[in-house]
Amino acid sequence: TGYKIATFWARSNIKLHEWIVGTRLELRGVENLTSGGLLVACKHQSSHETLSLFSSFNHPAYIMKRSLTKIPILGAYFLRLDQIPVDRGRKGEALASMTKGVREALGRGCQVLIFPEGTRQRLDAEPNYKYGIQHLYKTLDQPVLPVATNTGAFWPKDGCVHYPGTVVLEFLPVIEPGLDPDEFQVQLIHA
């Protein structure tokens, strides 16, 4: 029930954004989506991809800042919906906790979503991927689905104004396990 409510909420927000602002969502590469446990690595430019990704998968689990679980009402939902809170200030502990949470979520058939840069970036920013995605790829021996987006053009990181246009969320071909971690990182960044 919780996932149905959250999915309805996410889809309603996307639809309202389209009606009020004129921002339409276009999904590309949906043939690359698979069901079951999967690591999903998405560029992060705005809150739009957070909503649109949630409604694109049947059992999404986000790796998220632990501080978000403190938000009244919403924080309780995050915890009920198998999300993976991480205390980013505690580097070693955060990595171990994240790996354990991701392993458990994958075991439940979740699609685990991670924003490899850790926080929203400007549309034109150079990629600055953190070690976490590389660690998960190497440690868990899981395929990774890269996701590209242009949401920052319509819902900028540092702005309150939203702009009309077509938001694209593109699911790229899966990067299979087994690559050298540095080679994986290069492929992910250039996907």
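Details of the structure are given in the entry above.
Reading the values: the criteria
- Residues numbered from 1 in each chain as written.
- Predicted model: local features only at pLDDT ≥ 70, side-chain atom pairs only at ≥ 80, totals over all residues.
- Heavy atoms only, no water.
- Helix = DSSP H or I, 4+ residues; strand = E, 2+ residues; numbered from the N terminus.
- Rg over C-alpha atoms; globule rule 2.2 N^0.38 Å.
- Buried < 20%, exposed > 50% of the residue type's maximum accessible area, 1.4 Å probe, protein only.
- Arc of directions from axis to C-beta.
- Contact = heavy atoms within 4.5 Å.
- Patch = residues over 30% accessible without salt bridge, like charges linked within 9 Å, V, L, I, M, F, W, Y side chains within 5 Å.
- Areas by Shrake-Rupley, 256 points an atom, 1.4 Å probe, with all protein chains shown as cover.
- Salt bridge = Lys/Arg side-chain N within 4 Å of Asp/Glu carboxyl O.
- Expected span 1.5 Å × (residues − 1).
- Phe/Tyr/Trp six-rings, centres within 6.5 Å; stacked < 30°, edge-to-face > 60°.
- Polar contact = N/O pair within 3.5 Å; in protein donor to acceptor, adjacent residues only side chain to side chain.

As a further point, take the overall build of the chain. Summing up its helical and strand segments, the chain has six helices and seven strands in all. Each helix (α) and strand (β) of the chain, taken in turn from the N terminus, gives the series α-β-β-α-β-α-β-α-β-α-β-β-α. Computed over the C-alpha atoms, the radius of gyration of the chain is 16 Å, within 12% of the 16 Å expected from 2.2 N^0.38 for a compact globule of 191 residues. Counting only C-alpha atoms and orienting by the principal axes, one finds that the chain spans roughly 45 × 35 × 30 Å.

A few words now on helix α6 (residues 181–190). Turning to α6, its buried residues are Phe184, Gln185 and Leu188. Burial along α6 is one-sided: seen end-on, the buried residues are contained in an arc of 100°. Of the exposed residues in α6, the ones pointing more than 90 degrees away from its buried face are Asp182 and His190. Here the buried face of α6 lies against β2 (38–42), α5 (131–140) and β6 (144–149).

The grouping of Ile5, Ile73 and Tyr77 at the surface amounts to a nonpolar patch, some 300 Å² of accessible area in total. Taking relative accessible area as the criterion, Tyr77 reaches 32% and is therefore assigned partly exposed.

Inspection of the entire model under this criterion finds four salt bridges. The residue Glu26 makes a salt bridge to Arg24 at a minimum N-O spacing of 3.9 Å. Under the relative-accessibility criterion, Glu26 is labelled partly exposed at 23%. Using a relative accessible area of 40% as the deciding quantity, one classes Arg24 as partly exposed.

Taking 1.5 Å of rise per residue, the 20 residues of helix α1 (residues 2–21) would be expected to cover 28 Å, and the 28 Å separating its terminal C-alpha atoms lies within 8% of that figure. Of all the positions in α1, only Gly2, Tyr3, Ala6, Thr7, Ala10, Ile14 and His17 are classed as buried. Along the axis of α1, the buried residues cluster in a sector spanning 135°; they form a single face. Seen from the open side of α1, the exposed residues pointing more than 90 degrees away from its buried face are Lys4, Phe8, Trp19 and Ile20. Its buried side turned inward, α1 meets β1 (23–28), α2 (48–54) and β3 (60–65).

Let's shift gears to the packing of aromatic side chains. Counted by the stated rule, this structure contains four aromatic pairs. Taken together, a centroid distance of 6.3 Å and an interplanar angle of 5° make the contact between Phe54 and Tyr62 stacked. Judged on exposure class, the residue Phe54 and its partner Tyr62 are both buried. Ring pairs connect the aromatic residues Phe54, Tyr62 and Phe115, which therefore count as one cluster.

Here we take up the environment of Phe171. Among the secondary structure elements, Phe171 is positioned in strand β7 (residues 165–171). A residue is classified by how much of its surface remains accessible, and Phe171, at 1% relative accessible area, is buried.

The next thing to look at is the side chain of Gln111. Counting through the fold element by element, Gln111 comes out in strand β5 (residues 111–114). For Gln111, a relative accessible area of 1% gives the class buried. Side-chain polar atoms of Gln111 contact the backbone nitrogen of His59, separated by 2.9 Å. The residues contacting Gln111, other than those within four sequence positions of it, are Ser35, Gly36, Leu38, Val40, Phe57, Asn58, His59, Pro60 and Ala61.

Any link to function would need more than the numbers given here.
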